[in-house]
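The primary structure of each chain is shown beneath.
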Amino acid sequence: MILQSLIKLYDAKQERGDVPPYGWSIANVTDRLYIDSDGNVMGLISARQEVKRGKSTKSIPSKMKVPFQYKHTSGIAPNFLCASPGYILGINKEKPERAKKMFESSKELHHKVLDGCKGDMAKSILRFFDTWTTEKANAFVESNEGIFEAGNIIIDVNGKDAQEDKEIQAAWDKYYESGGENESRGQCLVTGRICSIARLHPLIKGIRGGQASGTSIVSFNARSFESYGKAERQGLNAPVGEETAFKYGAALNSLTADVEHKTVIGDTTVVYWAESAESGYQDMFSSMFDPGNGNMIDSELKSAMEKIAHGNTCDLSGISISPDEPFYILGLAPNASRLSIRFFWSNTFGNLSRNLIKHYERMRIIQPYKDEPEPVPLWRLLGKMKPSKSKETVSPILAGSIMRAMLSNNKYPVSAYQNTLMRIYAEADIRKSNGQIESYKIGYERAAFIKAYLLKNGRDKWKEVIHMTINKECKEPAYLLGRVFAVLEEIQQGSSPGIQSTIKDRYFNSACATPSTVFPILLKLSHAHLRKLGNEKKEYQIHLSKKVGSLLSLIQMPDEGSPFPKRLDMEEQGAFILGYYQETQDRYTKKEEK
């Protein structure tokens, strides 16, 4: 499914001219080897380009369309017209004997491709390979000390790059389509056609944490991964045609190279695309997936999402966005010498919008600051599922499961909910040196996810009582006790202005899990705190006292024993936290003047 989707993307991009044609690739080129018509080397010309990086200027290789670059192995495998100094000139500072073999293999390849050509450029290239010797290579090194810093070198004949010559292009296309050195033929698992089978799959670059030279999705580097009778036959263990492998590799590399349309979640690089290759869908998804950081303003995004979710097309910068467009999301992460597929999601763009709208609606909650992003982006939510001061990323398995739940409108992973509660219990409010709170243990991100989890995964009763803001009609004991705890904390803060440590630091976890053991103590403390308010704050004292009493009166009293539950289950603990959070935010919300 993944490879078929990428092949469709390649075909769509090929029609637009966004990807190289079959048998060609984009490579980083550092230098040109300049030769004349007789094949004599005239010099080495830099192909690097100068780019501005901040205040300084940096020299980087140029990206050029060249004949397909095969994957480098520990053996000798030359590339046509574009290769390292060892293959083009037979030069290697540390392994001169190996360089000779590399040059000879390159010479053999160029003869196989160009022997039938009648043009002057092809003949000049063959003359160069036939007349180049070790002595010439040594002399060349003496006059070109920077040759060992060169990367890929292309051949330039009388000022024209060889890969631009029409006859040479046709010769290479014929050679590549015939299978080249590959004599393995079989049935492609993707297309079902009998064709040349790729022994080595393309390298995928641009993956966070992956190898700089690229990493394969499909590879076999140990006997334990091989099928019976396929020992040391690499790609033949999972036969995929040369053309198929080329297409999916070119399409995927075009996605990973597109910085604007990919994102990183933990150790996972996420790419996404529409089947039509229309970039407008990617622009809109970027804004949907990371609200407030995309190319669309919030009002424009909300309007577009609603139109798409209701099955209507919308116009985005002159591009028609259809709800029926097939859309794909792929998560890749490095795993030893190959890439791991973290997740793959495919559906229509309309269903994607509907699912994300439902997720963001469940996540909506009152916030302490107006400038906070709404809805909560996934990267920010994941950041609250790990220790606040930790530089480590959250588990990639957890991140992937949350994202799948968002995209598919399925239940959230229980581990994510447990992780959120654990972080609340394990942490305290983080304060700055001046005493101001920098980060709350019960911030709006954690509260928002608890709310979303209870609405999606919890018992049906929560759907009626949990709202975006405080629900003063709710009579669920767990929610009410959370509100009571917030008022008791307010009483303490009122009696001791500027207090750094409140009952939340000492009693919150116990009150949330086993209310019957803690609330009698808290109520006794509150009487002492109310007395400290004194006559100067008599009205405030009466208001808080009545508020505690009215909340407690809503809790259904048992026939005998403590009025407080002995313990709260996981869902009830989440309701307790929500009650505390929303009551606290309600305290600071400005009331409209009547």
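Throughout what follows, the structure given in this document is the object of discussion.

This brings us to the overall build of the protein chain. Looking only at helices and strands, the protein chain has 20 helices and 18 strands in total. In summary, the protein chain has a C-alpha radius of gyration of 33 Å against a globular reference of 25 Å for 594 residues, an excess of more than 25%. With the principal axes as the frame, the protein chain shows a C-alpha extent of 105 × 50 × 50 Å. Counting every position in the protein chain, which comprises 594 residues, the buried fraction comes to 51%. Excluding contacts between residues fewer than 6 apart, the proportion of contacts in the protein chain whose partners are at least 24 apart in sequence is 67%. Summing over all exposed atoms, the protein chain offers an accessible surface of approximately 29,500 Å²; the carbon and sulfur share of this is 49%. Both charge centroids of the protein chain, one from 80 positive and one from 71 negative side chains, sit 7 Å from each other.

Within the largest apolar cluster, 93 residues are counted, with the highest numbers of intra-cluster contacts made by F285, F327, I329, F349, L352, F485 and F519. If you tally residues by element for this core, the top one is helix α16 (residues 477-495), at 10 residues. Judged by nonpolar contacts, the second largest core, of 71 residues, contains L33, L114, W132 and I155.

Positive phi is not limited to glycine here, since L81 has a value of about 65°. Looking at where L81 falls in the secondary structure, it is placed in the loop between β5 (62-67) and β6 (82-83). With a relative accessible area of 0%, L81 lands in the buried category. You will see that N158, though not glycine, has its phi angle at about 55°, which is positive. With respect to the element layout, N158 can be found in the loop between β7 (152-157) and β8 (160-161).

Strand order in the open sheet formed by four strands is β11-β12-β15-β16, and the pairing between neighbours is antiparallel. Among the strands making up the open sheet, the edge pair consists of β11 (262-265) and β16 (338-348). Along the sheet, successive strands turn relative to each other by an average axial angle of 20°, direction set aside. In terms of strand pairing, strand β15 (residues 326-335) meets β16 through 10 bridges, oriented antiparallel. Within β16, the position partnered with L330 by the bridge is F344. Here helix α10 (residues 349-363) sits on the sheet and contacts β15 and β16; the angle it forms with β16, its principal contact strand, is near 95°. Its contacts with the sheet place helix α12 (residues 396-408) against β11, β12 (268-274), β15 and β16, and it is angled at close to 10° to β16.

Turning our eyes to something else, we now look at the packing of helix α13 (residues 414-426) against helix α20 (residues 570-588). One way to put it is that α13 packs onto α20 with a least axis distance of 11 Å and a crossing angle of 55°. The angle between the axes of α13 and α20 places the two elements in the oblique class. Seen along the crossing, α13 lies across α20 with a hand that is left-handed. Along its contact with α13, which presents Y417, Q418, L421, I424 and Y425, the element α20 presents M570, E571, Q573, G574 and I577. Its residues placed into classes, the contact of α13 with α20 shows six nonpolar, three polar and one charged.

Cut-offs used in this document
- Residues numbered from 1 in each chain as written.
- Predicted model: local features only at pLDDT ≥ 70, side-chain atom pairs only at ≥ 80, totals over all residues.
- Heavy atoms only, no water.
- Helix = DSSP H or I, 4+ residues; strand = E, 2+ residues; numbered from the N terminus.
- Rg over C-alpha atoms; globule rule 2.2 N^0.38 Å.
- Buried < 20%, exposed > 50% of the residue type's maximum accessible area, 1.4 Å probe, protein only.
- Contact = heavy atoms within 4.5 Å.
- Areas by Shrake-Rupley, 256 points an atom, 1.4 Å probe, with all protein chains shown as cover.
- Lys, Arg positive; Asp, Glu negative; His and termini not counted.
- Charge placed at Lys NZ, Arg CZ, Asp CG, Glu CD.
- Core = buried A, V, L, I, M, F, W, Y, C linked by side-chain atoms within 4.5 Å.
- Pairing = 2+ DSSP bridges.
- Axes fitted to C-alpha atoms, helices over the stretch in contact; angles between N-to-C directions.
- Parallel < 35°, antiparallel > 145°, perpendicular 65-115°, else oblique.
- Left-handed = near helix turned anticlockwise from the far one by under 90°.
- Nonpolar A, V, L, I, M, F, W, Y, C, P; charged D, E, K, R; others polar.

What is shown is where atoms sit, not what they do.
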